[in-house]
Amino acid sequence: MHLEYHARIHPALTSFADECIATLARLIAYVGALALLGIVGLHFWEQFAGFPEIEPTGKADFTAALRSRPQFAVSSLDPPEKSEIYEIFRHPAGGRKDIFHWGAPDEKPVAELEIYRPGGEFNPAERLGAEMARRMDPDGRRELEAAGVIDSKFGAVTLLRFTGTPDGAKSCLSFFKRIDEPALQISGWSCQGSGLPARRGAIACMLNRLTLLASGNEPKLAELFARAELKRGRCAGAASGASDWVTGPENPRLRGRL
């Protein structure tokens, strides 16, 4: 009689035990998944908690970096009576601008040179011509057109001037040069010189006198300037207006807005 009862309840006990084991396994899997998510979340928090928040591109802007040290210099830029102002600006996304201004105190600058090392804020689709026009004439709304090229120790440099300027008119010239490796953009403008050849020469001389003071942790930047110094030309010929078919005022003008 005892054997019959034992045989009759054994399947129920087995089913109950199996159900308990399955439920326990599901609970363990659920708790394990929660623990894994917690570990992953903690890992990402440790990775990013120490970084400052960066505003989306277009909302943040460059701000003066008063504690940053100068990394560039321009030697003996004429005219000597003009004072030099050196400013450094940084962007939350990593960009840096080193800007030189030359001019008499309380007067509009006669020349500007900007060395821009772009970061995440850089947008190659932006119209550089519009920015250059604003820098040359902040109160005006004129646009720029191509005005030939000049040679420098960094290679050929594009020149720009205000649209519709007569060939013989006294007009300031702007310039820009983009370098891919390392990412670098050199730009600016100059009103020095009495004529177009002299102003071309003044810009070429400005670029040839641009030197690197410290490269920091950027060996490619140091290499760029070291190679450029090997191609550095004399300023005397440029300042006197000497030119060739590329840099001369008679070279074909590339019309069109930039």
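Please read all numbers here as calculations on a predicted model, not as lab measurements.

Observations concerning the overall build of the chain
Across its full length, the chain carries 5 helices and 10 strands. For the chain, the proportion of its 258 residues judged to be buried stands at 34%. Counting contacts in the chain only where the partners sit at least 6 residues apart, residues at least 24 apart contribute 57% of the total. Surface exposure of the chain reaches about 16,200 Å², of which carbon and sulfur atoms provide 59%.

A look at the environment of Pro 70
Looking at where Pro 70 falls in the secondary structure, it is placed in the loop between strand E1 (63-64) and strand E2 (72-74). On the basis of relative accessibility, which here comes to 44%, the residue Pro 70 falls in the partly exposed class. In sequence terms Pro 70 and Asp 98 are 28 residues apart; their C-alpha atoms lie 7.6 Å from each other.

A short note on the side chain of Asn 208
Structurally, the position occupied by Asn 208 is in helix H3 (residues 196-208). Classification of Asn 208 as buried rests on a relative accessible area of 6%. A distance of 3.0 Å separates the side chain of Asn 208 from the backbone nitrogen of Lys 153, its partner in a polar contact. For Asn 208, the residues in contact, after removing those within four places along its chain, are Ser 152, Lys 153, Glu 229, Arg 232 and Gly 233.

Re helix H2 (residues 128-136)
Within H2, the full set of buried residues consists of Leu 128, Gly 129, Met 132, Ala 133, Arg 135 and Met 136. The arc enclosing the buried residues of H2, seen along the axis, measures out at 160 degrees, which places them on a common side. The inward-facing, buried residues of H2 abut strand E5 (111-117), strand E6 (144-152), strand E7 (155-162), strand E8 (173-179) and strand E9 (184-190).

Brief notes about the packing of aromatic side chains
Evaluation of the coordinates by the stated rule reveals 6 aromatic pairs. Ring centres of Phe 154 and Phe 225 lie 5.4 Å apart, and the angle between their planes is 80 degrees; on these two criteria the pair is classed as edge-to-face. Of the two residues, Phe 154 sits in the loop between E6 and E7 while Phe 225 sits in helix H4 (residues 219-229), which places them 71 residues apart along the sequence. Overall, the relative accessible area of 10% leaves Phe 154 in the buried class. Residue class for Phe 225 comes out buried when judged on its relative accessible area of 4%. Within the aromatic cluster, the residues linked to one another by ring pairs are Phe 62, Tyr 116 and Phe 122. Sitting above the plane of the Phe 62 ring, Lys 97 keeps its charged end 4.5 Å from the centroid. Positioned above the aromatic ring of Tyr 116, the side-chain terminus of Lys 97 is 5.0 Å from the ring centre.

So, unusual backbone geometry
The linkage connecting Glu 181 with the following residue, Pro 182, adopts the cis geometry, with an omega of 0 degrees. Among the secondary structure elements, Pro 182 is positioned in the loop between E8 and E9.

Considerations on the state of the cysteines
Counted under the stated rule, the structure contains 1 disulfide. Note that Cys 172 is cross-linked by a disulfide to Cys 191, the S-S spacing being 1.8 Å. Disulfide Cys 172 to Cys 191: torsion about the S-S bond roughly 105 degrees, handedness right-handed. Residue Cys 172 is found in the loop between E7 and E8, and its partner Cys 191 is found in the loop between E9 and H3; the two are separated by 19 residues along the sequence. Given the relative accessible area of 22%, Cys 172 is considered partly exposed.

Structural notes on the sheet that holds E7
If you walk across this open sheet you meet the 8 strands as E1-E3-E4-E5-E9-E8-E7-E6, and the pairing is antiparallel. In this open sheet, the two edge strands, each paired with only one partner strand, are E1 and E6. Here strand E3 (residues 83-90) pairs with strand E4 (residues 96-103) via 8 bridges, running antiparallel. Of the residues in E4, the one forming a bridge with Phe 89 is Lys 97. The sheet strands contacting H3 are E4, E5, E6, E7, E8 and E9, and the helix crosses E6 at an angle near 55 degrees.

Describing the confidence of the model for the chain
Averaged over the chain, the pLDDT score is 76; the fraction of residues at 70 or greater is 70%. Here residues 237-258 is modelled with pLDDT under 50, and outside its nearest four sequence neighbours on either side it reaches 42 contacts, counting other chains as well.

What to know about the pairing of E7
When E6 meets E7, the two strands line up antiparallel, connected through 7 bridges. Within the sheet, the bridge partner assigned to Ile 150 lies in E7 and is Val 157. The antiparallel hairpin formed by E6 and E7 contains 2 residues in its connecting segment. With 3 bridges joining them, E7 and E8 adopt antiparallel strand pairing. Across the sheet, residue Leu 160 finds its bridge partner in E8, namely Ser 174.

Reading the values: the criteria
Residues numbered from 1 in each chain as written. Predicted model: local features only at pLDDT ≥ 70, side-chain atom pairs only at ≥ 80, totals over all residues. Heavy atoms only, no water. Helix = DSSP H or I, 4+ residues; strand = E, 2+ residues; numbered from the N terminus. Buried < 20%, exposed > 50% of the residue type's maximum accessible area, 1.4 Å probe, protein only. Contact = heavy atoms within 4.5 Å. Areas by Shrake-Rupley, 256 points an atom, 1.4 Å probe, with all protein chains shown as cover. Polar contact = N/O pair within 3.5 Å; in protein donor to acceptor, adjacent residues only side chain to side chain. Arc of directions from axis to C-beta. Phe/Tyr/Trp six-rings, centres within 6.5 Å; stacked < 30°, edge-to-face > 60°. Lys NZ or Arg CZ within 6 Å of the ring centre and 35° of its normal. Disulfide = S-S within 2.5 Å. Pairing = 2+ DSSP bridges. Axes fitted to C-alpha atoms, helices over the stretch in contact; angles between N-to-C directions. pLDDT = per-residue confidence, 0-100.

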